[in-house]
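# Observations on chain architecture
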Amino acid sequence: MNLTYVVSPKVSVEFEYLQTKDDHGSLEDRHFVWVLGDNNVYKSPDVINTMTWNNLAFNAIVRLGDRPVLTAEMWNPYVTLGGGFYKYHSHVENLVWPGQAFVVEGGESLNAPDPGPSRELIFPPYDDVRHALSFNAGVGLEAFIIKNVSLDVRMRYHLSVGELRPINDYLDADDQGITQTFPLPQWDLGGGIKLYSSR
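Everything in this summary refers to the structure shown in the same document. (Residues numbered from 1 in each chain as written. Predicted model: local features only at pLDDT ≥ 70, side-chain atom pairs only at ≥ 80, totals over all residues. Heavy atoms only, no water.)

### Brief notes about unusual backbone geometry
- Geometrically, the link from alanine 112 to proline 113 is a cis peptide bond, its omega value of 10 degrees lying close to zero.
- The residue proline 113 is located in the loop between strand E6 (75–93) and strand E7 (126–146) in this model.
- Despite not being glycine, leucine 70 shows a phi value in the positive range, around 55 degrees.
- Residue classification places leucine 70 among the partly exposed residues on the basis of a relative accessible area of 26%.
- In this structure, aspartate 175 takes a positive phi of about 60 degrees despite not being glycine.
- Here aspartate 175 is to be found in the loop between strand E8 (149–160) and strand E9 (184–195). (Helix = DSSP H or I, 4+ residues; strand = E, 2+ residues; numbered from the N terminus. Buried < 20%, exposed > 50% of the residue type's maximum accessible area, 1.4 Å probe, protein only.)

Have a look at this one:
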């Protein structure tokens, strides 16, 4: 959702609120090596790993070319630059503890029906929640359907001055753990309908 003010045919400014949520973080696909057990690879089958963003930003839109705005059946490519404060909330729960040493059997085992590490020995749930100074830049295309109604599509890169805690024991396909993440990057691709009111 945003409020846009057309400064000139070349420039607009906007105040924007954007919410995004990823319900399937990378921990769902990562594994750990049970070094105190059989040295085999295991995943956390019940892990919940979500990331939610609530962004407030002030953006400048600079149109490319000399096409008029607020004109039916006219389209305008543009670049956008902005900044503001983004609130992010990273949540993790049901993450199996890789440092366990006891072997369990039955349905509790990650190696069921064979003995293995316990799926019930987990870290306490934890959250990383912060407000971060953030910046964004991207490109877009605005197409006017009628004089005061347009379709706006854009792709942007965001960079936030925030961090997420490391989880070194959980490895990706290249056997790389999650180091401390700073700063926080993200991409977004979105679109919407804009309604204009002329004076």
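### So, the pairing of strand E5 (residues 48–63)
- When strand E2 (residues 11–22) meets E5, the two strands line up antiparallel, connected through 12 bridges. When the sheet's bridge partners are listed, glutamate 14 is paired in E5 with asparagine 59.
- As judged from the 16 bridges shared by E5 and E6, these two strands associate in the antiparallel manner. Within the sheet, the bridge partner assigned to threonine 52 lies in E6 and is histidine 89. (Pairing = 2+ DSSP bridges.)

### A short note on the side chain of arginine 156
- Tracing the backbone through its elements, the reader meets arginine 156 in strand E8.
- Arginine 156 has contacts with Glu16, Leu18, Asn59, Thr80, Asn136, Ala137, Gly138, Gln186, Trp187 and Asp188, leaving out every residue within four places of it along the chain. (Contact = heavy atoms within 4.5 Å.)

### Looking at the packing of aromatic side chains
- Counted according to the given criterion, the structure contains seven aromatic pairs.
- Seen in terms of ring centroids, tryptophan 53 and tyrosine 86 are 6.3 Å apart; in terms of plane orientation they differ by 85 degrees. Their pairing is edge-to-face. Taken together, the positions of tryptophan 53 in strand E5 and tyrosine 86 in strand E6 put the pair 33 residues apart, joining distant regions of the chain.
- Each member of the aromatic cluster is reached from another via a ring pair, and the members are Phe32, Trp34, Tyr42 and Tyr170.
- Cation over ring: arginine 67 sits above tryptophan 75, and NZ or CZ is 3.9 Å from the ring centre. (Phe/Tyr/Trp six-rings, centres within 6.5 Å; stacked < 30°, edge-to-face > 60°. Lys NZ or Arg CZ within 6 Å of the ring centre and 35° of its normal.)

### A closer look at the nonpolar core
- Residues Leu27, Phe32, Val92, Leu95, Ile167 and Tyr170 are the most contacted members of the largest nonpolar core, which totals 13 residues.
- Apart from residues no more than four positions distant in its own chain, phenylalanine 32 is found in contact with Asn40, Val41, Tyr42, Lys43, Val96, Pro98, Leu110, Asp169 and Tyr170.
- In this structure, Met51, Ala57, Ala132 and Leu184 belong to the second largest nonpolar core, which totals eight residues. (Core = buried A, V, L, I, M, F, W, Y, C linked by side-chain atoms within 4.5 Å.)

### Let's talk about the pattern of salt bridges
- Across all of its chains, the model carries nine salt bridges by this definition.
- With its nearest N and O atoms 3.6 Å apart, the salt bridge here joins glutamate 14 to lysine 194. Placement of the pair is glutamate 14 in strand E2 and lysine 194 in strand E9, with a sequence separation of 180 residues. Both residues of the pair, glutamate 14 and lysine 194, belong to the buried class.
- A salt bridge links aspartate 152 to lysine 194; the shortest N-O distance between them is 3.0 Å. Separated by 42 residues along the polypeptide, aspartate 152 in strand E8 and lysine 194 in strand E9 bring together distant segments of the chain.
- Given a relative accessible area of 9%, lysine 194 falls into the buried group.
- Three or more residues are tied together by salt bridges with common partners; here these are Glu14, Asp152, Arg154 and Lys194. (Salt bridge = Lys/Arg side-chain N within 4 Å of Asp/Glu carboxyl O.)

### Remarks on the sheet that holds E5
- Spatial ordering of the open sheet is given by E1-E2-E5-E6-E7-E8-E9, a layout of seven strands whose pairing is antiparallel. Two strands close off the open sheet at either side, each with one partner strand: strand E1 (2–6) and E9. Strand after strand, the sheet turns through a mean of 20 degrees between neighbouring axes, direction not considered.
- The pairing of E8 with E9 spans 12 bridges and is antiparallel. Within E9, the residue paired with serine 160 across the bridge is leucine 184. (Axes fitted to C-alpha atoms, helices over the stretch in contact; angles between N-to-C directions.)

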